[in-house]
Amino acid sequence: MHDRPRRLMEQDVEPVAALARTVWQATYSALISQAQIDAMLADRYAPARIHGQLDEPHHAWWVIGTPPIAFAHACLTEHAVKLDKLYVHPDHQRQGLGAMLLDEVADWARTHGRRVIRLQVNRGNTPARQAYEKHGFRVVESRVFEIGGGFVMDDHVMERQL
């Protein structure tokens, strides 16, 4: 049995960045280049960026475990909550941790008056897409997003109504 999700704290920032690298290497090395993995990790998991988001009321981070074995990050948009990150250590997948994090995000969305959760998932990441579909998400569009440095994200955009 695992602990329930809790809010990310300052001391979790470095372990979350390390967990992100582990998950990304296991998940994305067959989907995108190592250069893109490195660039995206450096941008999205820079400690200063995460620390800054901890103080912003329209961002929320959750972790499971100490050290973290799973985490999620969501942010408020005008009409929805964007689930920006949800990752579970490869050794702990298919144990209900992602579902627990999705429940936390849904509760947070409702608390903030949002009735839609929106996310992007790499088109080649079939296991993640299927997991989200199992939890009520559906593909609403597929797009290529330019993210700078000559890199793109070739993603499905998925939504879940609350």
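Model, not experiment: these values are computed from the prediction.

Honestly, the packing of helix α1 (residues 13–28) against helix α2 (residues 34–44) in this entry has me stumped. Any pointers?
In a pair of packed helices, the angle between the axes and the distance between the axes together describe the arrangement. Following both chains from N to C, one finds α1 and α2 inclined at 150°, their axes separated by 11 Å at the closest point. The angle between α1 and α2 places the two elements in the roughly antiparallel class. The way α1 lies across α2 gives a crossing that is right-handed. Contact with α1, carried on its side by Ala20, Arg21, Trp24, Gln25 and Tyr28, involves Gln34, Ile37, Asp38, Met40, Leu41 and Arg44 of α2 and no other residues of that element. Along the lines of polarity and charge, the residues of the contact of α1 with α2 split into six nonpolar, two polar and three charged.

Honestly, the sheet that holds strand β4 (residues 81–88) in this entry has me stumped. Any pointers?
Remark on secondary structure: sheet strands pair via backbone hydrogen bonds, oriented parallel or antiparallel. Strand order in this open sheet of seven strands is β1-β2-β3-β4-β5-β7-β6, and the pairing throughout is mixed. Both edges of this open sheet fall to β1 (6–7) and β6 (138–148), since each of them pairs with a single strand only. Here six bridges tie strand β2 (residues 59–64) to strand β3 (residues 70–76), and the two strands are oriented antiparallel to one another. Bridging across to β3, His59 finds its partner in Cys75. Against the sheet, α2 touches β4, β6 and β7 (151–161), its axis set at about 60° to β7.

Explain the nonpolar core to me, please; I cannot follow it from the model alone.
Within soluble globular proteins, side chains that are nonpolar tend to cluster in buried spots. Membership of the largest hydrophobic core comes to 27 residues, with the highest contact counts inside it found for Trp62, Leu83, Leu86, Val105 and Tyr132. Taken together, the elements giving at least two residues each to this core come down to β2, β3, β4, α4 (97–111), β5 (116–122) and α5 (126–134). By residue number, the principal contributor to this core is α4, which donates eight residues. When neighbours within four sequence positions are excluded, Leu86 is seen to be in contact with Phe71, Ala72, Gly98, Leu101, Leu102 and Tyr132. Membership of the second largest hydrophobic core comes to 22 residues, among which are Ala17, Ile37, Trp61 and Val157.

Rules used throughout
Residues numbered from 1 in each chain as written. Predicted model: local features only at pLDDT ≥ 70, side-chain atom pairs only at ≥ 80, totals over all residues. Heavy atoms only, no water. Axes fitted to C-alpha atoms, helices over the stretch in contact; angles between N-to-C directions. Helix = DSSP H or I, 4+ residues; strand = E, 2+ residues; numbered from the N terminus. Parallel < 35°, antiparallel > 145°, perpendicular 65-115°, else oblique. Left-handed = near helix turned anticlockwise from the far one by under 90°. Contact = heavy atoms within 4.5 Å. Nonpolar A, V, L, I, M, F, W, Y, C, P; charged D, E, K, R; others polar. Pairing = 2+ DSSP bridges. Core = buried A, V, L, I, M, F, W, Y, C linked by side-chain atoms within 4.5 Å. Buried < 20%, exposed > 50% of the residue type's maximum accessible area, 1.4 Å probe, protein only.

Nothing here speaks to function; it is all geometry.
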